[in-house]
Each structure stands twice: as structure tokens, then as C-alpha cells.
Amino acid sequence: MNILVTGGLGFIGSHTVVELLESGHEAIIVDNLYNSKVDVFDKICQITGKSPGLFIADATDAAEMDDIFSKHQIDGVIHFAGFKAVGESVSKPLEYYRNNLVSAMVVAEKCVKYKVNRFVFSSSATVYGEQEPPLKEDSELMPTSNPYGETKAMIERILTDVAKANPEFSVCLLRYFNPVGAHKSGLIGEDPNGIPNNLMPFVLRVARGEIEKLNVFGDDYDTPDGTGVRDYIHVVDLARGHLKAIEKDSAGVSVYNLGTGSGTSVLELVNTFIRVNGVDVPYEIVGRRDGDVATCYADVTKSLKELGFKAEYGIEDMVRDAWQFEKNKC
Ligand code: NAD
Ligand code: UDP
């Protein structure tokens, strides 16, 4: 198949393009470089020995997208393009609603117009709000406390309505848990602009000596060591989940969690990082971060049964591969 990948130069998109190319598919990347660098394209070519299509274009631009769809035979779309920083979405709500909603609507509109009937969307465990884990796909969408989460829930609803109105259109909503790690080549990985918010990019900057210490947000949660527990998933596993989703032959809407089904605390992750990589990560326990839940992990029964998806990599692989990519950047 020929798959259009919006946001294909970003963290998850680039790994997914590699998996698509390595399993015999073709890919066309659309990215506006808002949060990525164009040399990721060369790295994808270097890893795979193949050269996907590339358009430096904005997915919210209906005319540009029409041009791309009209000139290529596209069999499916994986839509990653969007803004993703939760905290920033609170201070820039209009930018987040506009970029995330409009890009999804424009791409879906072109799919309907050009009869591209497979659409895979990057959703997030954030749509579960503060429900008790393990989180199951049939739980209700909960209101989230930030515009980023709202955009994910809204796009899920919009795509569901588009699928209802167009019976041949299939939508797969993938709810990611906490993607970390990097490709084993060390050539592509997570390279956020500015000061990171998420745990792993922060740990990497501390390990590199760029930031003095990690603030651990709370050690008084009801968890085994008191620190927050999350379901970290290796980005290559996550990318393979997209391959399964785009290859799945079904009409209508399907929803799958992409996680490992088990949780790791902040201190477990940090201590595994220190042990596996032999580098120090100074940290200090500070107060809880607003809006954080104690524990979040996926119920993976449905994605295993219906999608045949099972994460293969563990926390040691995630911290090793993430550090290897980070060292290569230095
Ligand atoms: P990323 O920022 O690394 O990748 C997103 C890419 O989209 C970037 O390359 C950016 O330049 C591009 N982009 C943004 N707006 C665009 C637009 N209008 N037109 C074209 N390109 C545009 O982020 P990521 O971590 O790879 O996340 C990919 C998707 O997965 C996002 O939708 C994100 O919300 C979702 N997601 C990510 C996580 C996570 O923890 N990384 C968790 C859940 C969901
Ligand atoms: N966390 C932390 N220090 C940081 C960043 C995150 O202690 O600098 C904790 C956070 O409180 C949570 C876990 O690490 O328990 C994962 O946070 P992240 O932001 O990566 O993911 P999310 O909370 O969005 O699932």
C-alpha cells in the first residue's frame, strides 16, 4: 500500500515510516517542520535504503493537501500531525484547537473526496481522564483538563461521525500510552524543541548534564514507591502497532490501546536508566504536578485479540535505545 503519513518526520511518525518501508509498503510524508528537522528524512532513507515521498507542507492547508491527494494514488492515511504539549495547550488554546482539529478535518475531507478509505489516528490515553486503570477502550471519553486532551476527544468524535456517514470509510483510533525509546540504529528518536515536559526527554537532558537535576513530581501517591506510575511503550513497538492498524481490513470505527499493559514508576524508570546506561541522573523529590494521576496503564486485551498487537520491548530496551540516540546527537 501507499500510505500518506502526516507528521511523518516527528518522533512517532518517523519510526512508523521506517516500519512501513521495511515491510514493503510505500510512504508519502507530509510535515511542516514545526517540531521536526528535515534531516530526519535522510536518516529514514539511511535506515531503510528506501526513499519515501516528502512534502514540506501544512496539513491544515486544504489547497496543498488537495494537490497532494489529487496527484498520488493513496491507499491509506496515518495522521500524526498535531501539537502535543499539554502545558502549552493551556496557554495557547486557539493554536492547539486550530492546528489539531483543522488538520484532522482537512485530511479526512480529502480522504472522503479521493476515496481513501483507511484512516489511522494518533489519539491518546488522555481521553480516559482520571478513570481507574486498567483503562479499557469501551470506557467513556472523559472531559480532560486541557485543550490538548480535548482536541483528541473531539477528533475521535469527528472521525466517528465521518465513518457513520461514509460506510466504506474505516477509522482506527489508536490511544497511545507513554511512548519512549528510539530506533536501535540510534539515528532517529525523540528530539523535542525547547525544554521538555515529559519524563524521558527530561531524564536524557539531565544525563547529558544540560539540566542539573530531575524534579520527581511527588512521592506520596498510592503506588509501590509513592511516585507516579505510567505504561511506557517502546516507540518501535508503537510504530508496529500502526502497521497492524493500517493493514487491518475492516469498515467502521475501531479503537485500540497501544501500551504494554503494565506500569513503571518514575523512580523505577530513573533507576533502570542509571543501571543500564551507567550514567548518573541526579534527582530531587518535589511536590506533585497539577493534574497528574497516580497510576495509568492500558488494558491490552482488545488490541491483542483483534489487532494481534503485543509490545515486545521492555523498560531496559527503552532506556538503552533512548540514551544511544541522545549520545549520537551530542
Ligand atoms: P512530534 O511533535 O514529534 O511529531 C508531530 C509532527 O507533526 C512534527 O514533525 C510536526 O512538525 C508535524 N506537524 C505538526 N503540525 C503540523 C501540520 N499542521 N502540518 C504538517 N505537519 C505538522 O510528536 P509525536 O510524539 O511524534 O506525536 C505524534 C502524534 O501522536 C501527535 O498527534 C501526538 O498528539 C500524538 N501522541 C503523542 C504522544 C507522545 O507522548 N509522544 C502520546 C499520545 C499521542
Ligand atoms: N514526571 C516527573 N518529572 C518530570 C516529568 C514527569 O516526575 O520532569 C513524572 C510525572 O509526574 C508522571 C510521569 O513522570 O508521574 C510521566 O510523566 P509524563 O509527563 O512523561 O507523562 P504523562 O504524565 O503525561 O503520562
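The preceding data block contains the structure.
Keep in mind it's a predicted model, so treat the numbers as computed, not measured. (Residues numbered from 1 in each chain as written. Chains lettered and ligands numbered in written order. Predicted model: local features only at pLDDT ≥ 70, side-chain atom pairs only at ≥ 80, totals over all residues. Heavy atoms only, no water.)

Engineer: Describe the site of ligand 1, listing the residues and the values that go with them.
Structural biologist: In the region of ligand 1, 27 residues are neighbours, and Asp31, Asn35, Lys84, Asn99 and Tyr148 sit closest. Between Asn32 and ligand 1, the recorded distance is 3.2 Å, taken from a backbone N or O atom to a nitrogen atom. Taking Phe80, its main chain carries an N or O atom lying 2.9 Å from an oxygen atom of ligand 1. Burial of ligand 1 by the protein amounts to 95% of the accessible area it has alone, namely 820 Å². Of all the secondary structure elements, the ones that give two or more residues to the shell around ligand 1 are α1 (11-22), β5 (118-124) and α6 (147-165). Residues that form the shell around ligand 1 fall into these classes: 12 nonpolar, 11 polar and 4 charged. (Near = heavy atom within 4 Å. Polar contact = N/O pair within 3.5 Å; in protein donor to acceptor, adjacent residues only side chain to side chain. Areas by Shrake-Rupley, 256 points an atom, 1.4 Å probe, with all protein chains shown as cover. Helix = DSSP H or I, 4+ residues; strand = E, 2+ residues; numbered from the N terminus. Nonpolar A, V, L, I, M, F, W, Y, C, P; charged D, E, K, R; others polar.)

Engineer: So, helix α3 (residues 62-71): which residues are in play, and what are the values?
Structural biologist: Those residues of α3 that sit buried are Met65, Asp66, Ile68 and Phe69. Along the long axis of α3, the arc covered by the buried residues comes to 165 degrees, so they all point the same way. For α3, exposure combined with an orientation more than 90 degrees from the buried face picks out Ala63 and Lys71. Considering only its buried residues, α3 is in contact with β1 (2-6), β2 (26-31), β3 (53-56), β4 (76-79) and α5 (93-113). You can read the cap of α3 off the contacts: a side-chain oxygen lies 3.1 Å from the backbone nitrogen of Ala63, and it is on Asp61. (Buried < 20%, exposed > 50% of the residue type's maximum accessible area, 1.4 Å probe, protein only. Arc of directions from axis to C-beta. Contact = heavy atoms within 4.5 Å.)

Engineer: So what about the packing of aromatic side chains? Which residues, and what values?
Structural biologist: Inspection of every chain in the model, using the stated rule, returns 6 aromatic pairs. Note on Tyr34 and Phe83: the rings are 4.2 Å apart at their centroids and 35 degrees apart in plane angle, and the pair reads as tilted. One end of the pair, Tyr34, is in the loop between β2 and α2 (39-48); the other, Phe83, is in the loop between β4 and α4 (86-91), with 49 residues separating them in the sequence. Tyr34 gets classed as partly exposed once you look at its relative accessible area, which sits at 43%. Exposure remark for Phe83: the relative accessible area of 12% places this residue in the buried category. Put simply, the rings of Tyr34, Phe83 and Tyr96 pair up and form one aromatic cluster. One residue, Lys302, lies across the ring of Tyr256, its end atom 5.0 Å from the ring centre. (Phe/Tyr/Trp six-rings, centres within 6.5 Å; stacked < 30°, edge-to-face > 60°. Lys NZ or Arg CZ within 6 Å of the ring centre and 35° of its normal.)

Spatial relationships are all this shows, so hold off on functional conclusions.
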